[in-house]
Amino acid sequence: MIAALITGVLTGAGVGGGTLLVLYLTAFAQVEQGQAQGINLLYFLICALPALVSHFRARLVEVRGGLIAAASGAAAAFFSARLSLGVSESFLKTGFGILLLAVGVKELFAKPRDDEEE
Amino acid sequence: MRSQTVKYLVAGTAAGVINGFFGAGGGVVLVPLLLYWLGLPARKAFATSVFIIFPLSLVSAVLYFMGGRIDLRQAMPYLIGGFVGGVLCGNLFKKMPVIWLRRIFGGLLILGGIRAVIK
């Protein structure tokens, strides 16, 4: 629950708490990759909701563009999730590992933008 | 169609593909696109990515549930912790040093990625 609380803060901030939760579940909680992904989706829905309310109040959401991206993204997610249900655990796990490595290298060496403080 | 609209369509599709397949990681693709391709300020990009990924996760979660990938009893402790974390995030968000969050996050992902690929 503590792991979920910490990743919840990161998820609400939009910096990828979900990827960390899947990682935690598969590495330490002995949950299978597919099940971990399922837990993470539900978990994201729960912890993004209060964060979204705050983001809206602070006028931080770009609504028009967000709705356009959500429409195309929902269609893509539909087909992609169906595809995912048909592949093996080991394929999912290796693919997820490669995704983590790519993103990890990119974020570790991220340079701050003008509007990101050190 | 305006180029901004096309960019949002492409960004949403990329996030949807990752979100549906891996049940996570939509944001790690989407946030850089919102930041560098669409030119949103950092905090707005993070907040908008949560707004976009919410409906994608809803679609994926329904399909995962139907496909037997969601065990509600197993998920419950994480859902409670996640909700509290989400509430905290809303209050802490403006005070967080974003670049350090990203670096810590990057380091953890590399460790996890190595482990997942090797195993």
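A brief report on the enclosed structure follows. Please read these numbers as outputs of a predicted model, since none were measured by experiment.

### As for the overall build of chain B
At step 1: Counting its secondary structure elements, chain B contains five helices and zero strands.
At step 2: Element order for chain B, N to C, with α for helix and β for strand: α-α-α-α-α.
At step 3: Across the 119 residues that make up chain B, the buried fraction comes to 54%.
At step 4: Long-range pairs, those at least 24 residues apart, make up 43% of the contacts in chain B with a sequence separation of at least 6.

### Some remarks on the environment of B:Val59
At step 1: Inspection of the secondary structure puts B:Val59 in helix 3 (residues 42-66).
At step 2: Judged by local crowding, B:Val59 falls into the buried class, with 23 C-beta atoms found within 10 Å.
At step 3: B:Val59 sits 43 residues away from B:Gly16 along the chain, and the two C-alpha atoms are 9.5 Å apart.
At step 4: Residue contacts for B:Val59: discarding those within four places in its chain leaves A:Ala74, A:Ala77, A:Phe78 and A:Ala81.

About the thresholds
Residues numbered from 1 in each chain as written. Chains lettered and ligands numbered in written order. Predicted model: local features only at pLDDT ≥ 70, side-chain atom pairs only at ≥ 80, totals over all residues. Helix = DSSP H or I, 4+ residues; strand = E, 2+ residues; numbered from the N terminus. Buried ≥ 20, exposed ≤ 12 C-beta atoms within 10 Å, placed from the backbone. Contact = placed C-beta atoms within 7 Å.

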